[in-house]
Amino acid sequence: MRKFSAFAVAREAFRHQIGWEKQWQNPEPRSSYDVIIIGAGGHGLATAYYLASEHGITNVAVLEKGWLGGGNTGRNTTIIRSNYLYDESAGMYNHAVKLWENLSQELNYNVMFSQRGVMMLAHNVHDVQVFKRHIHANRLNGVDNEWLTPEEAKEFCPPLNISKTARYPVMGAALQRRGGTARHDAVAWGYARKASDMGVHIIQNCEVTGINRSANGQVTGVNTSRGTINAKKVGVVAAGHTSVLMEMAGVRMPLESYPLQALVSEPVKPCFPCVVMSNTVHAYISQSDKGELVIGAGTDQYTSYSQTGGLHIINHTLDAICEMFPMFGRMKMLRSWGGIVDVTPDRSPILAKTPVKGLYVNCGWGTGGFKATPGSGNVFAHTIANDAPHKINEGYTLERFKTGRLIDEAAAAAVAH
């Protein structure tokens, strides 16, 4: 019998996976599909999966101009939580958390979901009042959230500096124990593999160059770098590029695009037990399973498609992190990046039908897109399949910007991460 070393076994497993990938990653497009999804990120792939698994629609193509999961799905800090203030937000994100909790089992793919807790620090009286308001509102919506004293916060996260002489004194914290993190690329791969097994075509290196409409204005398909593909329905789920794509169909979107920055440190042994967010100084931190400290910063103050952003944003964030967690002062930065986020006037998403029959849009998640992935895909699939919104996303319409019925989480929480 031939013997294999552990390395050889791992190599063969990898080769098997690569062979499996080649079976589906770039099939030749059919001439027509029932549904086309533009964007093979987490939300687009989740939409395709739920169209197949919950609505029996398997004649679906997911078109991606680059590679699977190569956009914001692969450029984020993987925070998952649902402790938002407004009813619509709490409903959407709590729906997502519930799906996250069983996602690895459902997809038969380890997305490395870790409910290690998300703690949000209060540094002044305003923070204390806002977070306590959030806690009460969350409990009314069935979302777990609790108040911690500075001492309880340090007990939950020992590296935290709670000195009263600190530049950013900790006056307490709101803790959602069901919150946590997941592995970003694993989510995309898990949805892709499962959707592909059910017959969905995932077509990479296929840029959409036009959205076709009939004489009466209904969507009939798309033009792509690989030819024209017909479809009865088209869903646009392409963070950072939504406005460009929707303009092809004559729909103007209330969106602006900003670079959102983040970085990781050199890897170290496990030393940080949870996710900590500080809205006032705009810094948040967790530790990945590889040992890197994952540190999130803010958006630049100007619109841009840059994937780097201003250096002063990172510098301010690192100053704050070293003040709140002095033990990290000597850590070295490994790499930084910027994702392009679409932002609406009220910093909440648009997940709805459009004025063009057969055209649907899922965009404007700003900094909250990753945590919403399964919930977003689930209700967007429902919207496309039924040509009507799910109860959870019925408030996330384009019309709200005309009526003024906004879901302004940014004003409610100072930051919408």
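Above this note sits the structure.
Residues numbered from 1 in each chain as written. Predicted model: local features only at pLDDT ≥ 70, side-chain atom pairs only at ≥ 80, totals over all residues. Heavy atoms only, no water.

With that settled, the discussion passes to the overall build of the protein chain. Looking only at helices and strands, the protein chain features twelve helices and 18 strands. Seen through its C-alpha atoms, the protein chain measures out along the principal axes to roughly 75 × 65 × 40 Å. Put simply, the protein chain has 417 residues, and 56% of those count as buried. Taking the intrachain contacts of the protein chain between residues at least 6 apart in sequence as the baseline, contacts between residues at least 24 apart amount to 76%. As displayed, the protein chain offers around 18,100 Å² of accessible surface, 51% of which is attributable to carbon and sulfur atoms. Across the protein chain, 40 positive and 34 negative side-chain charges occur, with their mean positions spaced 4 Å apart. (Helix = DSSP H or I, 4+ residues; strand = E, 2+ residues; numbered from the N terminus. Buried < 20%, exposed > 50% of the residue type's maximum accessible area, 1.4 Å probe, protein only. Contact = heavy atoms within 4.5 Å. Areas by Shrake-Rupley, 256 points an atom, 1.4 Å probe, with all protein chains shown as cover. Lys, Arg positive; Asp, Glu negative; His and termini not counted. Charge placed at Lys NZ, Arg CZ, Asp CG, Glu CD.)

Summed over the entire model, instances satisfying the criterion amount to ten aromatic pairs. Pairing Trp100 with Phe370 gives two aromatic rings, centres 5.4 Å apart and planes at 45 degrees, and the pair type is tilted. Remark: Phe370 occurs in the loop between β18 (359-363) and α10 (373-386) and Trp100 occurs in helix α3 (residues 87-100); sequence separation between them is 270 residues. Residues Trp100 and Phe370 agree in their burial class; the two are buried. Between Phe272 and Phe328 the ring centres are 5.9 Å apart and the planes differ by 50 degrees, which places this aromatic pair in the tilted class. On the criterion of sequence distance, the pair formed by Phe272 in the loop between β12 (256-265) and β13 (275-278) and Phe328 in the loop between α9 (311-324) and β16 (333-343) is long-range, its members being 56 residues apart. Judged by relative accessible area, Phe272 falls into the buried class, the value being 5%. Of the aromatic side chains, those joined through ring pairs into one cluster are Tyr49, Tyr50 and Tyr191. (Phe/Tyr/Trp six-rings, centres within 6.5 Å; stacked < 30°, edge-to-face > 60°.)

On to the nonpolar core. Grouped together as the largest cluster of nonpolar side chains are 46 residues, with contacts concentrated most on Leu45, Trp100 and Tyr191. The set of elements that each furnish at least two residues to this core consists of β1 (32-38), α2 (42-55), β2 (60-63), α3, α4 (103-107), α7 (184-197) and α10. Among the elements that take part in this core, α2 stands out by supplying seven residues, more than any other. In this structure Tyr191 touches Gly42, Leu45, Ala46, Tyr49, Tyr50, Leu103, Leu107, Thr373 and Pro374, once residues within four positions along its chain are discounted. Residues Leu63, Val222, Ala231 and Met246 belong to the second largest nonpolar core, which totals 28 residues. (Core = buried A, V, L, I, M, F, W, Y, C linked by side-chain atoms within 4.5 Å.)

Within the structure shown, the criterion is met by two cavities of 30 Å³ or more. Taken together, ten residues line the second largest cavity, and the ones lying closest to its centre are Tyr84, Tyr93, Arg347, Ser348 and Pro349. Split by residue class, the lining of the second largest cavity holds five nonpolar, three polar and two charged. (1 Å grid on protein atoms, 1.4 Å probe; cavity = no way out; pocket = protein on both sides within 12 Å on 5 of 7 lines; lining within 4 Å. Points joined across faces, edges and corners; volume = space filled by probe spheres on them. Nonpolar A, V, L, I, M, F, W, Y, C, P; charged D, E, K, R; others polar.)

This part covers α2. Relative to the 20 Å expected for 14 residues at 1.5 Å per residue, α2 spans 19 Å between its end C-alpha atoms, a close match to the ideal helical length. Burial within α2 is extensive, with eleven of its 14 residues counted as buried. If you check which residues of α2 are buried, you get Gly42, His43, Gly44, Leu45, Ala46, Thr47, Ala48, Tyr49, Tyr50, Leu51 and Ala52. At the C-terminal side of α2, Gly56 shows a positive phi close to 70 degrees. (Expected span 1.5 Å × (residues − 1).)

As a further point, take the sheet that holds strand β5 (residues 146-148). Spatial ordering of the open sheet is given by β5-β6-β4-β13-β14-β15-β12-β16, a layout of eight strands whose pairing is mixed. With partners counted over all chains shown, the strands left at the sheet margins are β5 and β16, one partner each. On average, each strand axis in the sheet is tilted by 25 degrees relative to the strand beside it, whichever way the strands run. Pairing of β12 with β16, which is carried by ten bridges, proceeds in the antiparallel orientation. Bridge pairing in β16 places Glu256 opposite Val343. (Pairing = 2+ DSSP bridges. Axes fitted to C-alpha atoms, helices over the stretch in contact; angles between N-to-C directions.)

Right, let's get into the environment of Arg116. Positionally, Arg116 belongs in the loop between α4 and β4 (118-122). According to the relative accessible area criterion, Arg116 is buried, its value standing at 16%. Residues Arg116 and Ser286, 170 residues apart in the sequence, show an inter-C-alpha distance of 9.6 Å. Setting aside its immediate chain neighbours within four residues, Arg116 contacts Phe156, Gly179, Gly180, Thr181, Pro273, Cys274, Val275, Gln287 and Asp289.

The next subject is the packing of α2 against α7. Two elements in contact, α2 and α7, have axes separated by 9 Å at closest approach and are oriented at 30 degrees. With respect to α7, the element α2 is oriented roughly parallel. The two elements α2 and α7 cross, and the hand of that crossing is left-handed. For the pair α2 and α7, the contacting residues are Gly42, Leu45, Ala46, Tyr49 and Tyr50 in the first and Ala188, Tyr191, Ala192, Lys194 and Ala195 in the second. Of the residues belonging to the contact of α2 with α7, the class tally is eight nonpolar, one polar and one charged. (Parallel < 35°, antiparallel > 145°, perpendicular 65-115°, else oblique. Left-handed = near helix turned anticlockwise from the far one by under 90°.)

In this section: α10. If you check α10, its first and last C-alpha atoms are 20 Å apart, about what 14 residues at 1.5 Å a residue would give, namely 20 Å. Across the 14 residues that make up α10, a large majority, eleven, are buried. All of the buried residues along α10 are Thr373, Pro374, Gly375, Ser376, Gly377, Asn378, Val379, Phe380, Ala381, Thr383 and Ile384. Asp387 occupies a position one or two residues after α10 and carries a positive phi of about 55 degrees.

Of note, the phi angle at Met112 is positive, near 55 degrees, even though the residue is not glycine. Positionally, Met112 belongs in the loop between α4 and β4. We note that Arg347 has phi near 60 degrees; this positive angle belongs to a residue other than glycine. In this fold, Arg347 is placed in the loop between β16 and β17 (350-353). Judged by its relative accessible area of 38%, Arg347 falls in the partly exposed class.

For the rest of this paragraph, the subject is the side chain of Asn393. Within the fold, Asn393 resides in the loop between α10 and α11 (400-403). Residues within four places of Asn393 in sequence aside, it is in contact with Met92, Leu351, Val379 and Thr383.

Limitation: the analysis is restricted to geometry and does not speak to function.
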